Amino acid sequence: MHVWPETNTAFDIESWLQLLLKEAPELDVALIRQAASLAELTGANKATPNGQSCLQQGLAMAKILSTFHVDSETLAATILYSSVYHGELSLEDIDDHFDKN
């Protein structure tokens, strides 16, 4: 369970995914779940300059982009971006993770 700092409300990835899919049921939920899980493993405890964790920032950015009806790959990349930029996740790690699945 995670907490959004702006509202101090708890959330988990599955609940976040369900909200996202209500607005865009055509998305590849498996791909987005995989990206969110990887971001959770590598970025849940890494802070960005605005105080959010890499995971929170990635999910917040993906939620905003979903309103523009971008594809699943774009949302997955968005979720992982902060974990790469501010955290310790490498592009090679992402490649390895998605190649295995």
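Note on numbering: residues in each chain are counted from 1, in written sequence order. Only residues with pLDDT of at least 70 are given local features in this predicted model, and only at 80 or more are side-chain atom pairs given and counted; all residues enter the totals for whole chains, interfaces and linings. Side-chain measures were taken over the full set of non-hydrogen atoms in the model, leaving aside hydrogen atoms and water.

A.B. asks: Quick question: what am I supposed to make of the pattern of salt bridges here?
C.D. replies: Pairs can form between side chains of opposite charge whenever their charged atoms are close. Salt bridge, as applied in this entry: a Lys or Arg side-chain nitrogen positioned within 4 Å of an Asp or Glu carboxyl oxygen. On inspection of all chains with the given rule, the structure shows three salt bridges. The partner of Lys63 in a salt bridge is Glu23, with the nearest N and O atoms 2.6 Å apart. A residue pair is termed long-range when its members are at least 10 positions apart, and Lys63 in helix 3 (residues 54-66) and Glu23 in helix 1 (residues 13-23) qualify at 40 residues. Note on classification: 1.4 Å probe, protein chains only; a residue is buried when its accessible area is under 20% of the maximum for its type, exposed when over 50%, partly exposed between these limits. By relative accessible area, which is 27% here, Lys63 ends up partly exposed. Residue classification places Glu23 among the partly exposed positions, given a relative accessible area of 48%. We count a stretch as a helix when DSSP gives it H or I for four or more residues in a row; a strand needs E for two or more, and each element gets its number in order from the N terminus.

A.B. asks: How should the side chain of Gln57 be read in this particular structure?
C.D. replies: Inspection of the secondary structure assignment puts Gln57 in helix 3. For the purposes of these results, a polar contact is taken to be a pair of N or O atoms within 3.5 Å, where, inside protein, one atom must be able to donate a hydrogen and its partner to accept one; residues adjacent in sequence count only when each atom of the pair is a side-chain atom. Polar contacts involving the side chain of Gln57 include one to the side chain of Thr48, which spans 3.0 Å. In what follows, a contact means two residues having at least one pair of non-hydrogen atoms within 4.5 Å. Non-local contacts of Gln57, meaning those with residues more than four positions away in its chain, are made with Thr48, Asn50, Gln52, Ser82 and His86.

A.B. asks: Would you take a moment to explain the packing of helix 3 against helix 4 (residues 72-85) for this structure?
C.D. replies: The description of two packed helices rests on the angle between their axes and on the distance between the axes. At a minimum axis separation of 7 Å, helix 3 and helix 4 run at an interaxial angle of 150 degrees. Accordingly, the angle class assigned to the pair helix 3 and helix 4 is roughly antiparallel. Pair helix 3 / helix 4 crosses with right-handed handedness. Residue-level inspection shows Cys54, Gln57, Gly58, Leu59, Met61, Ala62, Leu65 and Ser66 of helix 3 in contact with helix 4, the latter providing Thr74, Leu75, Thr78, Ile79, Tyr81, Ser82 and Ser83. Only the contacting stretch of a helix is used when fitting its axis, a line to C-alpha atoms as for every element, and angles between N-to-C directions run 0 to 180 degrees. Should an angle lie under 35 degrees it is considered roughly parallel, over 145 roughly antiparallel, and from 65 to 115 roughly perpendicular; all remaining angles are considered oblique. Working rule for handedness: look at the near helix, and if it is turned counterclockwise from the far one by less than a right angle, call the crossing left-handed; if clockwise, right-handed.

A.B. asks: So what exactly am I meant to see when it comes to unusual backbone geometry here?
C.D. replies: In terms of backbone geometry, most residues other than glycine have negative phi values and most peptide bonds are trans. Unlike most non-glycine residues, His69 shows phi in positive territory, near 60 degrees. Within the secondary structure, His69 is located in the loop between helix 3 and helix 4. Assessed through its relative accessible area of 61%, His69 is described here as exposed.

A.B. asks: Sorry if this is basic, but what is going on with the nonpolar core here?
C.D. replies: Here is a general trend for soluble globular proteins: nonpolar side chains tend to be buried in one another's company. With 24 residues, the main nonpolar core has Trp16, Leu27, Ile32, Leu59, Ile79 and Leu80 as its most contacted residues. Looking at this core, the elements that each hand over two or more residues are helix 1, helix 2 (29-43), helix 3 and helix 4. If one sorts the elements of this core by residue count, helix 2 sits on top with six residues. Residues enter a nonpolar core if they are buried and are Ala, Val, Leu, Ile, Met, Phe, Trp, Tyr or Cys, with the set joined through side-chain atoms within 4.5 Å.

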